[in-house]
Amino acid sequence: MIALSSNILSLFGAVLAIIFVWSFVRGKVWTELSTKNLVSSFRPFLLLVVPLCALAFLGTFAKVITIEAVGFLALGAAAPFLLSQIGLPVFYRSIILLALSVALCQFSNAETGAMAVASALTGLLSWKAVENILKRPQSTFEDILPAFVFLTSAFWFKVGGTSENEIRNASLVLASLTIGLFLRFSERPLLGNDPYWWRRILIAASGGLFLLIVINKLLLAPKIATIAALAGAAYFLAYLFDWLTPAQGENGEMLKGFKSLVFVGIFTLLATRLFGMLGLCLVAAGATVSRKPGLAQTVGIFFGARVLLQGFISAYNPNVTGINIMHAYSYAAMFGGLLSMFVVSSLFKENDARKYLPVALVGAGVALPVVSNYFLHAEPSGSLISSALVAAVLLAIFLPQAYDLKLPEHENIILAPPLMMSVAYVSGELIALGNNAPSSMKTQIITALLVLAIIGCVVTHLLTGKNNPVAPPEPEARPE
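Residues numbered from 1 in each chain as written. Predicted model: local features only at pLDDT ≥ 70, side-chain atom pairs only at ≥ 80, totals over all residues. Heavy atoms only, no water.

Turning next to the overall build of the protein chain. Scanning the protein chain from N- to C-terminus turns up 19 helices and zero strands. Counting only residues that meet the buried cut, the protein chain has 52% of its 480 residues in that class. Partitioning the intrachain contacts of the protein chain with sequence separation of at least 6 by distance along the chain shows that 81% fall at a separation of at least 24. (Helix = DSSP H or I, 4+ residues; strand = E, 2+ residues; numbered from the N terminus. Buried < 20%, exposed > 50% of the residue type's maximum accessible area, 1.4 Å probe, protein only. Contact = heavy atoms within 4.5 Å.)

Okay, here's the thing in structure tokens:
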């Protein structure tokens, strides 16, 4: 798909191999590996992958996707499943998943590479959502974040970026991720007691300096040397979000929620205005230095998802200026995207409904873009997933802190929008099929879907309803 710079591949292989082998052997990590969780988690894995692959396989008969895409979807879910369920620590999983992502982009077909990446992302994000909600073994984005950032970046450079710079840009993102993982590995003895943040500033500046050396000496691209300053600021931003993340058991603060959203907005505007999507890719890569599950990794997923959204819009949206939200369907789809994220968010609060969270999260990520692509068209689909991304990042960052709600694993709502984007691209051929389909066929399909939805609601009510409803309490007698 993208033949990366040989210099960057050598740097990537050497640095990560040294980090992996040194710490893996020194820590005797192999003694912690076991297959007992692999067996117990195999049923949830099958319940996720089999329906997804079956739906994708049905799409091959309509020539919506290729049979190879079904295989990449299964592999995208199988890789993180195997690595996490054998007990491999999260940092090593992040290195291996990043290496597999680089291999996918290196060796996939140039014409179908974007479809392969989108299919792999669908499997990766679907299983990660299920794994985190079921706590198998813990809820974190650290393991998938480097691979996610690289795959979304490579997707954008192939689909919407300029072809003459795609090798340089993808190599730059890989270098930024490599530096981030190196800083993450070496920062433990350096941070320690750092009340005035001098060490954090020094580490972030060193990361920007390392990237500057890579740009000038390995990529030979001094014209974009100033982007190294943005990378250094992105590394520091990760430390800032670590500080803004409430400690376990600590009550959130509304002011910290506001600050977090302000920083997200500033860096989104700054990166895209100065360097376009390439700048946003480097800001997302900066989150890899974070050691603490929380805001930094959540925001890293958001930045990567924003790049993925731009790729879908560039591939299918005929409006060169972007999404026209004043269009009737686009305006309605915008409300649909917002509403879907609020509905999913509400399930995190209700204890009785939490068991349906994996189905709701993955179901919304898969069903909504498919329905939108077929029954509407490209602009409403873009509006749907764009508004869902905005709602998800607002809810993931601000809601628990603003209202002091205890919502375990609520940050996983940020996985739904990028899942919707990858599925929207994979099922993009439905846009043309829907435009050419007669109204009578669409009406029949809508009727069938409504009947299935009603049956599903009735069955769910019967399965979850109580046979002996509790009578309301008697009113207390007023004292004489």
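Resuming the write-up.
Attention shifts here to a nonpolar patch on the surface. A cluster of nonpolar side chains, namely I18, W22, F182, F185, L209, F210 and I213, defines an oily patch on the protein surface of about 680 Å² accessible area. When residues in the nonpolar patch are grouped by element, the largest group, three residues, is from helix α10 (residues 198–218). Within the element layout of this structure, F185 appears in helix α8 (residues 166–186). (Patch = residues over 30% accessible without salt bridge, like charges linked within 9 Å, V, L, I, M, F, W, Y side chains within 5 Å. Areas by Shrake-Rupley, 256 points an atom, 1.4 Å probe, with all protein chains shown as cover. Salt bridge = Lys/Arg side-chain N within 4 Å of Asp/Glu carboxyl O.)

Our next topic: the side chain of N373. Note that N373 resides in helix α15 (residues 357–375). Here N373 falls in the buried class, since its relative accessible area comes to 0%. At 3.1 Å, the side chain of N373 forms a polar contact with the side chain of S427. Ignoring any residue separated from it by four or fewer positions in sequence, one finds N373 in contact with F312, S381, A424, S427, G428, L430 and I431. (Polar contact = N/O pair within 3.5 Å; in protein donor to acceptor, adjacent residues only side chain to side chain.)

Running from N to C, helix α4 (residues 67–85) and helix α6 (residues 113–133) point in directions that differ by 40 degrees, and their axes come no closer than 7 Å. By the angle between their axes, α4 is oblique relative to α6. Handedness of the α4/α6 crossing: right-handed. Taken together, the residues of α6 that come into contact with α4 (itself represented by A69, F72, L73, G76, A77, P80, F81, S84 and Q85) are M115, A116, S119, A120, T122, G123, L124, W127 and E131. Taken together, the residues that form the contact of α4 with α6 break down as 11 nonpolar, six polar and one charged. (Axes fitted to C-alpha atoms, helices over the stretch in contact; angles between N-to-C directions. Parallel < 35°, antiparallel > 145°, perpendicular 65-115°, else oblique. Left-handed = near helix turned anticlockwise from the far one by under 90°. Nonpolar A, V, L, I, M, F, W, Y, C, P; charged D, E, K, R; others polar.)

This part is about the nonpolar core. As a rule of thumb, nonpolar side chains are buried together in soluble globular proteins. Membership of the largest hydrophobic core comes to 151 residues, with the highest contact counts inside it found for L98, L172, L211, F303 and M341. Sort the elements by how many residues they give to this core and α6 lands first, with 13 residues. When near neighbours in sequence (up to four residues on either side) are disregarded, L98 contacts F12, L16, P146, A147, F150, L174, L177 and L181. (Core = buried A, V, L, I, M, F, W, Y, C linked by side-chain atoms within 4.5 Å.)

Moving on to the pattern of salt bridges. Under the criterion given, the structure shown has six salt bridges. K128 is the salt-bridge partner of E131, the closest N and O atoms lying 2.8 Å from each other. One end of the pair is E131 and the other is K128, both in helix α6 and three residues apart, which spans about a single turn. Like E131, the residue K128 is buried in the burial classification. The salt bridge partner of R184 is E142, with a shortest N-O separation of 2.6 Å.

The next thing to look at is unusual backbone geometry. The step from R136 to P137 runs through a cis peptide bond, and the omega angle for that step is 0 degrees. Topologically, P137 is positioned in the loop between α6 and α7 (145–159). Even without being a glycine, K63 presents a positive backbone phi close to 60 degrees. Turning to its location among the elements, K63 is positioned in the loop between α3 (42–61) and α4. Given a relative accessible area of 72%, K63 falls into the exposed group. The backbone of K135 sits at a positive phi, close to 55 degrees, despite the residue not being glycine. Mapped onto the elements, K135 comes out in the loop between α6 and α7.

Attention now goes to helix α5 (residues 90–107). Taking 1.5 Å of rise per residue, 18 residues should cover 26 Å, and α5 covers 26 Å from first to last C-alpha, within 8% of that figure. Here α5 has its buried residues at V90, F91, Y92, R93, S94, I95, L97, L98, S101, V102, L104 and C105. (Expected span 1.5 Å × (residues − 1).)

What follows is about the side chain of S427. Within the element layout of this structure, S427 appears in the loop between α17 (416–426) and α18 (429–436). By relative accessible area, S427 is classed as buried at 6%. Once residues lying within four places of it in the same chain are set aside, the contact partners of S427 are V64, V370 and N373.

The subject of this paragraph is helix α13 (residues 295–316). Three or four residues apart is the spacing at which side chains of an α-helix point the same way, because the helix has 3.6 residues per turn. Between its terminal C-alpha atoms α13 stretches 31 Å, which fits the 32 Å expected from 22 residues at 1.5 Å a residue. Burial analysis of α13 places 17 of its 22 residues in the buried class, which makes it a mostly covered element.

These results come straight from atomic positions and should not be treated as a statement about function.
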